[in-house]
Amino acid sequence: MRPTSRTKPLSALLPALLLTACGSQIDSIDVPVVRPPSPAPAGIYTGTLSSVAAARSIPVTALVNAERIFAFDADGDFIAGGRYETGDRDLAWQARAFERSEPPPAEDEEEASEQVRILAITAEGGFDPEERILMSYAASVEGSSGVVDSGNISWAYAESQYERRSDLPLVAGTWVNEDDFGTPTASFGISEGGDLFGQDADGCNYSGRLSLIDQPYNLYGASLQVQCAGSATARLESGLATLRHDGDDVTLVIVTTSAANATLFQLNPG
C-alpha cells in the first residue's frame, strides 16, 4: 500500500560425527544439516481472508515471526499487522487493518481520491505447526465498538518460501518498483549491513534497516522512517520483509505498519 495520505540471530552448528573403531582409523560420516523447528506458528503462509460484508475471499500472504503477524493482498489494498498469542495449538491475533478503496469519480472529477478505512481486527482460532492457520475474525472501525465485518482466515504454510537461509548480503543492492509501463515508482539502496535508503514517486523519502531474525529462515525484521513532502514530521513504521522466489525471479517484499499508516513494497533488483 502506498503511504496512506498513504532479532536475535540464531544459528546452528553441527559438529561432524566421528565414529572410532577399536584399532582402526577414524571414519567421518556426513551428517545432514538439521534446523531447529521454527517458533510456532512462525512462517510464511498463503491463503484467503473471507469477508462476510464484502461477500468474497481475498487472496493474502502472511508473514509471521515469533510475535507478530502481517497479512497483505497482492496490490496492497489490504494490509493488517498486529501481535498474537498462543496457548498449545490455540491462536489469538489482535491487528490493525488498512483497507484502501477508490470510489468512482464524480462527474466533475478526472480521478477519484483514494480512501482508506482503518479497522480493528480480533481473530481467534488455532494452528498446526508448519502446516496451517485457521481463524475466525470480527472487525470494527477503529475507535468504535460496532462490528462492521466478520469472516474466516485460512492460510497454508509455504515451506519452499520460508525454509530458505536469510542473510543481509542477500538483500543488499539496489531495488526498484515499477508500474505496468516500466516506469520506476520507488527505488531503494540497501547496504550489506542492512541499512536502507529510498524514495518514491509520491515525494516520500525512506530510511531504516532490515535485520536478521533467525538465519535458517527467510524472514527479516524491517523498520522504516518515512518523511513525505508537505509533512513536518516523519512517521515510524515497523514490520517484516522476505525474499520471494518465483523460479529465477526474486522479489524483495517489505510490509510495515504504524498507528495510522501501512506500507507495502514489492521490489525487483535494479
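For the structure itself, consult the block above.
Residues numbered from 1 in each chain as written. Predicted model: local features only at pLDDT ≥ 70, side-chain atom pairs only at ≥ 80, totals over all residues. Heavy atoms only, no water.

### Topic: the packing of aromatic side chains
Applying the stated rule across the entire model yields seven aromatic pairs. Ring geometry for tyrosine 45 against tyrosine 157: centres 5.7 Å apart, planes inclined by 65°, an arrangement best described as edge-to-face. Taken as a pair, tyrosine 45 in strand β3 (residues 43-51) and tyrosine 157 in strand β10 (residues 147-157) lie far apart in primary sequence, 112 residues in all. Assessed through its relative accessible area of 0%, tyrosine 45 is described here as buried. For tyrosine 157, a relative accessible area of 12% puts it in the buried group. For the ring pair tyrosine 162 and tyrosine 217, a centre distance of 4.7 Å and an interplane angle of 20° mean the geometry is stacked. Taken together, the positions of tyrosine 162 in helix α1 (residues 159-162) and tyrosine 217 in the loop between β14 (204-212) and β15 (220-228) put the pair 55 residues apart, joining distant regions of the chain. Judged by relative accessible area, tyrosine 162 falls into the buried class, the value being 3%. On the accessibility criterion, tyrosine 217 (3% relative accessible area) is buried. Here the aromatic residues Tyr45, Tyr157, Tyr162 and Tyr217 are joined through ring pairs into a cluster of three or more. (Phe/Tyr/Trp six-rings, centres within 6.5 Å; stacked < 30°, edge-to-face > 60°. Helix = DSSP H or I, 4+ residues; strand = E, 2+ residues; numbered from the N terminus. Buried < 20%, exposed > 50% of the residue type's maximum accessible area, 1.4 Å probe, protein only.)

### With respect to the side chain of asparagine 65
You can see asparagine 65 is positioned in the loop between β4 (56-64) and β5 (68-72). Residue classification places asparagine 65 among the buried residues on the basis of a relative accessible area of 15%. Among the polar contacts listed, one links the side chain of asparagine 65 to the backbone nitrogen of glutamate 67, at a separation of 2.9 Å. At 2.6 Å, the side chain of asparagine 65 forms a polar contact with the backbone nitrogen of arginine 68. Other than its neighbours up to four places away in sequence, asparagine 65 contacts Ala42, Tyr84, Ile213, Leu219 and Leu240. (Polar contact = N/O pair within 3.5 Å; in protein donor to acceptor, adjacent residues only side chain to side chain. Contact = heavy atoms within 4.5 Å.)

### Digging into the pairing of β5
Here β5 lies mainly inside the structure; five of its five residues are buried. Residues Arg68, Phe70 and Phe72 of β5 are buried on one face, and the alternating residues Ile69 and Ala71, pointing to the opposite face, are buried as well. One ladder, built from four bridges, connects β4 with β5; its direction is antiparallel. Note on β5: the bridge partner recorded for leucine 63 is phenylalanine 70. Between β4 and β5, which pair antiparallel in sequence order, lie three residues. Turn length for the β5-strand β6 (residues 78-87) hairpin, with the two strands adjacent in sequence and antiparallel, is five residues, and the turn residue glycine 76 shows positive phi of about 75°. (Pairing = 2+ DSSP bridges.)

### Topic: the environment of tryptophan 93
By the secondary structure assignment, tryptophan 93 is in strand β7 (residues 90-101). Since its relative accessible area comes to 0%, tryptophan 93 is described here as buried. Between the alpha carbons of tryptophan 93 and glutamate 67 there is a distance of 10.0 Å; along the sequence they are 26 residues apart. Side-chain polar atoms of tryptophan 93 contact the backbone oxygen of glycine 82, separated by 3.1 Å.

### Describing the sheet that holds β10
Reading around the barrel, the eight strands line up as β3-β4-β5-β6-β7-β8-β9-β10 and close back on themselves, with antiparallel pairing between neighbours. Across the sheet, the mean angle from the axis of one strand to that of its neighbour is 25°, orientation sign disregarded. Bridge count for strand β9 (residues 132-141) against β10 is nine bridges, and the pairing is antiparallel. Paired with alanine 138 across the two strands is serine 150, which belongs to β10. (Axes fitted to C-alpha atoms, helices over the stretch in contact; angles between N-to-C directions.)

### Brief notes about unusual backbone geometry
Within the chain, alanine 55 stands out as a residue other than glycine whose phi angle is a positive 55°. Here alanine 55 shows up in the loop between β3 and β4. The class of alanine 55 is exposed, set by a relative accessible area of 70%. A positive phi angle, near 55°, is found at aspartate 88, a position not held by glycine. One can find aspartate 88 in the loop between β6 and β7. Taking the relative accessible area as the measure of exposure, aspartate 88 reaches 73% and is therefore exposed.

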